[in-house]
Amino acid sequence: MKALKSLLFAIFIFSAAQLHAQRGVVNMSLQYNYALPLGSFKTDVISKGSPRGFTGDILYGISDKFSVGLGLGFQDFYEKFPRALYNTDDKEVTSAVLSNSVQIIPLLAKAEFSPLGSTAPVQPYITAGAGLGISSFTQYLGEFGGTDNAGGLMLQGGAGIRVPFGKYSKAGFRLGANYNMVSYHHNGFSNFNNLSFQGGIYFPLK
């Protein structure tokens, strides 16, 4: 009985130590982003994917499985369309080359849940975010055009995996995907929703 109590006590101390090891830890992650436009963003503005993007998150560990913090990033979409005929505002028909460029900067409050905790060799996670999406939309019809800047609600939901560099490492690789809802309602265009795929690294700051 004494040996059993000692074993249970040792297990309790080990579990508490593992929990404490993640509580209060601040982790940073840096990711490369590839994004695909969705919905009216794809049909009305830009149909091509964007390989020009990055994200960064700073998360505070509330427990071994749950973290909260901030996320930001940048994504640059661009497409140039072949010369065609377009109806202009003065009811004239113009033959010109159309180019669309959209940049999105997310500023999000984020939460992340990892059901297996931080000690598993492969750590799946789900994440959610909400905040401000700053959009810059530039459109040129030939040599005429301009830029519209706007800020609106942005919502994000995602999932992925973390893989530590080693058995006891607190840093590692990170792979995932996010669905991004970016509010935008200007000049007859509606929302810049997109699906992003990301890969990068994570590491503790303290």
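For the structure, check the block above.
As the structure is a computational prediction, the values presented were derived from the model and not from experiment. (Residues numbered from 1 in each chain as written. Predicted model: local features only at pLDDT ≥ 70, side-chain atom pairs only at ≥ 80, totals over all residues. Heavy atoms only, no water.)

K.L.:
Describe the overall build of the chain, listing the residues and the values that go with them.
P.N.:
When helices and strands are counted, the chain shows two helices and ten strands. Beginning at the N terminus, the succession of helices and strands in the chain can be written as α-β-α-β-β-β-β-β-β-β-β-β. Counting over 206 residues, the chain shows a buried share of 37%. In the chain, of all internal contacts separated by at least 6 residues, the share reaching a separation of at least 24 is 62%. Working note: accessible area of the chain is about 11,700 Å², and carbon and sulfur atoms make up 67% of it. (Helix = DSSP H or I, 4+ residues; strand = E, 2+ residues; numbered from the N terminus. Buried < 20%, exposed > 50% of the residue type's maximum accessible area, 1.4 Å probe, protein only. Contact = heavy atoms within 4.5 Å. Areas by Shrake-Rupley, 256 points an atom, 1.4 Å probe, with all protein chains shown as cover.)

K.L.:
I'd like a rundown of the nonpolar core, residues and numbers included.
P.N.:
Within the largest apolar cluster, 15 residues are counted, with the highest numbers of intra-cluster contacts made by Phe-41, Val-45, Phe-77, Val-102, Phe-137 and Phe-192. Elements with a contribution of two residues or more to this core: helix 2 (39–45), strand 4 (93–113) and strand 6 (144–164). With three residues, strand 4 is the largest single contributor of residues to this core. Ignoring anything within four residues of it in the chain, the contact list for Phe-137 reads Val-45, Asn-100, Ser-101, Val-102, Gly-146, Thr-147, Asp-148, Tyr-184, Phe-189 and Phe-192. (Core = buried A, V, L, I, M, F, W, Y, C linked by side-chain atoms within 4.5 Å.)

K.L.:
Provide a residue-level description of unusual backbone geometry, including the pertinent values.
P.N.:
Even without a glycine there, the phi angle at Asn-191 is positive, about 70°. Looking at where Asn-191 falls in the secondary structure, it is placed in the loop between strand 9 (189–190) and strand 10 (194–204).

K.L.:
Tell me about the packing of aromatic side chains, and name the residues and values.
P.N.:
Tallied over the full model, the rule gives eight aromatic pairs. With 5.1 Å between their ring centres and 85° between their planes, Phe-137 and Phe-189 make a pair best called edge-to-face. Remark: Phe-189 occurs in strand 9 and Phe-137 occurs in strand 5 (residues 123–141); sequence separation between them is 52 residues. Across this residue pair, the class does not change: Phe-137 and Phe-189 are buried. Arranged with centres 4.3 Å apart and planes meeting at 25°, the rings of Tyr-184 and Phe-192 form a pair that is stacked. Members of the aromatic cluster, connected to one another through ring pairs, are Phe-41, Phe-77, Phe-137, Tyr-184, Phe-189 and Phe-192. Looking at Arg-162, its charged tip hangs above the ring of Tyr-202, at a distance of 5.8 Å from the centre. (Phe/Tyr/Trp six-rings, centres within 6.5 Å; stacked < 30°, edge-to-face > 60°. Lys NZ or Arg CZ within 6 Å of the ring centre and 35° of its normal.)

K.L.:
Go over the side chain of Glu-112, please, and point to the residues and values.
P.N.:
Position of Glu-112 relative to the elements: it lies in strand 4. Polar contacts involving the side chain of Glu-112 include one to the side chain of Arg-174, which spans 2.5 Å. (Polar contact = N/O pair within 3.5 Å; in protein donor to acceptor, adjacent residues only side chain to side chain.)

K.L.:
Provide a residue-level description of the environment of Ile-104, including the pertinent values.
P.N.:
Inspection of the secondary structure assignment puts Ile-104 in strand 4. Its relative accessible area of 3% is what places Ile-104 among the buried residues. Considered as a pair, Ile-104 and Gly-53 are 51 residues apart in the sequence and their alpha carbons are 9.3 Å apart. Setting aside chain neighbours within four positions, we find Ile-104 in contact with Gly-73, Phe-74, Gln-75, Phe-77, Ile-134, Ser-135, Val-182, Phe-192 and Asn-194.

K.L.:
A description of the environment of Leu-107 should follow, citing residues and the corresponding values.
P.N.:
With respect to the element layout, Leu-107 can be found in strand 4. In sequence terms Leu-107 and Leu-132 are 25 residues apart; their C-alpha atoms lie 5.2 Å from each other. With sequence-adjacent residues up to four places away left out, Leu-107 is seen in contact with Gly-71, Leu-72, Gly-131, Leu-132 and Ile-134.

K.L.:
Before we move on, can you summarise a nonpolar patch on the surface with the specific residues and values?
P.N.:
Together, Phe-54, Leu-72, Ile-105, Leu-107, Leu-132 and Ile-134 give the surface a local cluster of nonpolar side chains, amounting to about 480 Å² of exposed area. At the level of elements, strand 4 and strand 5 are the ones that each hand at least two residues to the nonpolar patch. According to the relative accessible area criterion, Leu-107 is partly exposed, its value standing at 39%. (Patch = residues over 30% accessible without salt bridge, like charges linked within 9 Å, V, L, I, M, F, W, Y side chains within 5 Å. Salt bridge = Lys/Arg side-chain N within 4 Å of Asp/Glu carboxyl O.)

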